[in-house]
Amino acid sequence: MINADPAEVQKFSDLAHRWWDPASEFKPLHEINPLRLDWIDAAAGLAGKNVLDVGCGGGILSEGMASRGAEVTGIDLSEKALGVARLHLFESGLKVDYQLTSAEEFAAAHPARFDVVTCMEMLEHVPDPASTIAACARLVKPGGHVFLSTLNRNPKSYLFAIIGAEYLLKLLPRGTHDYAKFLRPSELARFCREAGLDTAEITGLSYNPLTQVYSLGRDTDVNYMVRTRRPA
């Protein structure tokens, strides 16, 4: 069975035509993209690397990594989102190989193929995040990097990510996230260990509603990102 929730895939498919509108529901992705792109590039050195973006959606991060000189493949289960991603390449002039497939299926066909694997803002949308992480571990070469991001599960994250972001500030459409699917860092670290990945770094991604600015830091209570490596 495919590790995907049809309702989640449909939700993002319905919004696919707005993916590259920086004032749309995807505004937060546009605003955090430079931060996560710099973080990934600083750790892995994207230029000349063979990179896979799992759950690429409309290609915001995929194109960013391609612009840094990486050879990028993006995979997703939303045909509409991939259609938008492919169309945007005509505007950007960048090269990304987009494919309609799951991480698990792609891992079976392309084990240990990539220097870098990213899976950002996706784990909280799949039924079995451990399966996705295990697939990412199979896809990366020994010594390669796997970058993950998700949301912490605690009262603060419910207040900020659900009540604040979806209901009060309206940064995201209501129903974007299911609090029960949020992952504590300890849970994510366990999934990584079970997949054979070593956790190298964890960093928080915070939003200041007064300045309307995102920043990286030590606060992992709500959004956070994890860098792992497959042992050489």
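No experiment lies behind these values; they were computed from the predicted model shown.

Trainee: Describe the sheet that holds strand β7 (residues 213-217), and please don't skip the residues or the numbers.
Mentor: Spatial ordering of the open sheet is given by β3-β2-β1-β4-β5-β8-β6-β7, a layout of eight strands whose pairing is mixed. The outermost strands of the open sheet, each flanked by one partner alone, are β3 (96-100) and β7. Strand-to-strand twist across the sheet, computed as the mean angle between neighbouring axes with direction ignored, equals 20 degrees. Two strands pair when backbone bridges link them, and strand β6 (residues 198-208) and β7 are joined in this way by five bridges, in the antiparallel orientation. Bridge assignment links serine 206 to a residue of β7, and that residue is serine 215.

Trainee: Give me the lowdown on the UniProt feature "binding site: S-adenosyl-L-methionine" (unreviewed entry) in the chain, citing residues and values where you can.
Mentor: Here the UniProt feature "binding site: S-adenosyl-L-methionine" (unreviewed entry) sits at Arg36, Gly55, Asp76 and Met120. Considering the arrangement of structural elements, one finds arginine 36 in helix α2 (residues 27-44). Excluding residues within four positions of it along the chain, arginine 36 makes contact with Leu29, Ile60, Leu61, Met120, Glu121 and Met225. Mapped onto the fold, methionine 120 is located in the loop between β4 (114-119) and α6 (129-139). We classify methionine 120 as buried; its relative accessible area is 5%. For methionine 120, the contacting residues outside a window of four places in its chain are Arg36, Trp39, Ile40, Val54, Leu61, Phe147, Leu148, Ser149 and Met225.

Trainee: How would you explain unusual backbone geometry if you had to name every residue and give the values?
Mentor: With phi around 55 degrees, glutamate 121 is a residue other than glycine that occupies positive phi space. On the secondary structure map, glutamate 121 appears in the loop between β4 and α6.

The rules behind the values
Residues numbered from 1 in each chain as written. Predicted model: local features only at pLDDT ≥ 70, side-chain atom pairs only at ≥ 80, totals over all residues. Heavy atoms only, no water. Pairing = 2+ DSSP bridges. Helix = DSSP H or I, 4+ residues; strand = E, 2+ residues; numbered from the N terminus. Axes fitted to C-alpha atoms, helices over the stretch in contact; angles between N-to-C directions. UniProt positions renumbered as here; feature names shortened; annotations may be inferred. Contact = heavy atoms within 4.5 Å. Buried < 20%, exposed > 50% of the residue type's maximum accessible area, 1.4 Å probe, protein only.

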